[in-house]
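Results of the structural survey
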Amino acid sequence: MEWLTKFPHMDDDRLRELKKLIDEGFRTFTRAYGDGIESFFEPLQFFLIQSERFMTRTPWPIILILVALIAWLGSRNWKIVAGCVGTLLAIGYFDMWDDTMKTISMIFVCTVLSIAIGIPIGIIMSRSDRVQNIVNPVLDVMQTMPSFVYLIPVVMLLGIGKVPGLIAVVIYAIPPMIRLTNLGIRLVDKDVLEAADAFGSSSWQKLKNVQMPLALPTIMAGINQTIMMALAMVVIASMIGVQGLGQPVLKAIANQYFTLGIFNGLAIVGIAIIFDRVSQAYGHRLQRHREIVHG
């Protein structure tokens, strides 16, 4: 009755050979194309380095003014502006300013990259059920795959550094951007699209002037979720060289420094709250504007 208690599986030698074959194939691919792939990502590395230099070398009062201005333009709420500035002042007072600026620069680049890739894919998905059926399982895998697994192929291809960490973060964080762009465009009222057709709008005009403006609150929700997931990946990405608040947390875990871990963890929470409140407030403003304009 052993077959009832022991699940039948591939022969151990064959399984070992299969794993070895896959590993060797990936190593061969890495040796053959690793340098070319690394060269392909050089513009991304330049963008990330320049963003980090701007955030770390700009005087802190100017950074605070910029954050306050962005928060005001997004929310038009003085309480949110005061909360953002107060959070950053507290972070700086506890000597976490430089690491915070590095983390914000990485999240900024990650968000820009996710928007640049995610919105076009979401638009294509919204126009074709077949593409949606193909892309959805890929997104399911991206969202459910353990975070550490992303680091293995990225490190094998590109080594340790900022760009591999950024790519891992984007892979982890981009699915909400794609899904909610697709959902927002598909939820646009068909009567509105029929009215646009009646006025002779082309497909591009409908997308630019009707579908995207009406889907913008949903797309903003996707951006919000992408930022939150990127921040959740910060500590894991620090394992492969991404600088910022994740590295002190990793150091605190390795050396059992309770206070160091808590302080930097709370700084990550503070950044997440800033991004969340501003983006949500902006999304609500867009929603109210849509309700006023379109009834």
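Treat the numbers as computed from the prediction; the structure is a model and nothing was measured.

It is worth spelling out the overall build of the protein at this point. When you go through the protein residue by residue, the secondary structure sums to 15 helices and zero strands. Across its three principal directions, the C-alpha atoms of the protein cover 65 × 55 × 45 Å. Looking at the 295 residues of the protein, the share that counts as buried comes to 40%. Across the protein, the fraction of contacts at a sequence separation of at least 24, relative to all contacts at a separation of at least 6, is 77%.

The next point concerns the side chain of Thr 226. Within the secondary structure, Thr 226 is located in helix 12 (residues 203-232). The exposure class assigned to Thr 226 is buried, which follows from its relative accessible area of 1%. The contacts of Thr 226, once residues within four sequence positions are left out, are Ser 114, Ala 173, Pro 176 and Met 177.

With that out of the way, let us pick up the side chain of Asn 264. Along the polypeptide, Asn 264 turns up in helix 15 (residues 258-294). A polar side-chain atom of Asn 264 sits 2.9 Å from the main-chain carbonyl oxygen of Leu 260. Not counting residues up to four positions away in its chain, the partners in contact with Asn 264 are Met 96, Leu 245, Pro 248 and Val 249.

Moving on, we come to a nonpolar patch on the surface. A cluster of nonpolar side chains, Tyr 93, Phe 94, Phe 258, Ile 262, Phe 263, Leu 266, Val 269 and Ile 273, forms an exposed patch at the surface whose accessible area comes to about 870 Å². Here the element with the most residues in the nonpolar patch is helix 15; it accounts for six residues. Its place among the elements puts Phe 258 in helix 15.

With that settled, the discussion passes to the UniProt feature "transmembrane region" (unreviewed entry) in the protein. Under the UniProt annotation, "transmembrane region" (unreviewed entry) lies at residues 58-74, 80-97, 104-128, 148-174, 214-237 and 257-275. With 83% helix and 0% strand, the stretch residues 80-97 has end C-alpha atoms that lie 20 Å from each other. End C-alpha atoms of residues 104-128 are separated by 35 Å, and the span's content is 96% helix alongside 0% strand.

What follows covers the packing of helix 6 (residues 97-127) against helix 7 (residues 129-144). Look at helix 6 against helix 7: their axes get within 6 Å of each other, and the N-to-C directions meet at 130 degrees. By the criterion of interaxial angle, the relationship of helix 6 to helix 7 is oblique. On helix 7, the residues touching Ile 121, Ile 124, Met 125 and Arg 127 of helix 6 are Asp 129, Val 131, Gln 132, Val 135, Asn 136 and Leu 139. Split into classes, the residues belonging to the contact of helix 6 with helix 7 amount to six nonpolar, two polar and two charged.

What follows covers the UniProt feature "domain: ABC transmembrane type-1" (unreviewed entry) in the protein. When the UniProt feature table is mapped onto this chain numbering, "domain: ABC transmembrane type-1" (unreviewed entry) sits at residues 100-279. Between the C-alpha atoms that bound residues 100-279 the distance is 19 Å, and the span itself is 86% helix and 0% strand.

Let us look at the pattern of salt bridges. Applying the stated rule across the entire model yields seven salt bridges. Residues Asp 13 and Arg 16 are paired through a salt bridge, measuring 2.8 Å at the closest nitrogen-oxygen approach. Here Asp 13 pairs with Arg 16, and both are found in helix 2 (residues 12-40), just three residues apart, close to one helical turn. The residue Arg 179 makes a salt bridge to Asp 140 at a minimum N-O spacing of 2.4 Å. In this pair, Arg 179 is assigned in helix 10 (residues 175-186) and Asp 140 in helix 7, connecting sequence segments 39 residues apart. Owing to a relative accessible area of 24%, Arg 179 belongs among the partly exposed residues under this scheme. Of the residues examined, Asp 140 reaches a relative accessible area of 39% and is grouped as partly exposed.

This paragraph deals with the nonpolar core. In this structure, Met 106, Leu 166, Leu 231 and Met 233 are the most contacted members of the largest nonpolar core, which totals 69 residues. Listed in part, the five residues of the second largest apolar core include Val 188, Leu 193, Ala 196 and Leu 214.

So, about the packing of aromatic side chains. Considering all chains together, one arrives at seven aromatic pairs under this definition. Residues Phe 26 and Phe 29 carry aromatic rings whose centres are separated by 6.5 Å and whose planes lie at 35 degrees to one another, so their mutual orientation is tilted. One end of the pair, Phe 26, and the other, Phe 29, are both in helix 2, three residues apart, so they sit about a helical turn from each other. Take Phe 26: its relative accessible area is 27%, and that puts it in the partly exposed class.

How each quantity is defined
- Residues numbered from 1 in each chain as written.
- Predicted model: local features only at pLDDT ≥ 70, side-chain atom pairs only at ≥ 80, totals over all residues.
- Heavy atoms only, no water.
- Helix = DSSP H or I, 4+ residues; strand = E, 2+ residues; numbered from the N terminus.
- Buried < 20%, exposed > 50% of the residue type's maximum accessible area, 1.4 Å probe, protein only.
- Contact = heavy atoms within 4.5 Å.
- Polar contact = N/O pair within 3.5 Å; in protein donor to acceptor, adjacent residues only side chain to side chain.
- Patch = residues over 30% accessible without salt bridge, like charges linked within 9 Å, V, L, I, M, F, W, Y side chains within 5 Å.
- Areas by Shrake-Rupley, 256 points an atom, 1.4 Å probe, with all protein chains shown as cover.
- Salt bridge = Lys/Arg side-chain N within 4 Å of Asp/Glu carboxyl O.
- UniProt positions renumbered as here; feature names shortened; annotations may be inferred.
- Axes fitted to C-alpha atoms, helices over the stretch in contact; angles between N-to-C directions.
- Parallel < 35°, antiparallel > 145°, perpendicular 65-115°, else oblique.
- Nonpolar A, V, L, I, M, F, W, Y, C, P; charged D, E, K, R; others polar.
- Core = buried A, V, L, I, M, F, W, Y, C linked by side-chain atoms within 4.5 Å.
- Phe/Tyr/Trp six-rings, centres within 6.5 Å; stacked < 30°, edge-to-face > 60°.

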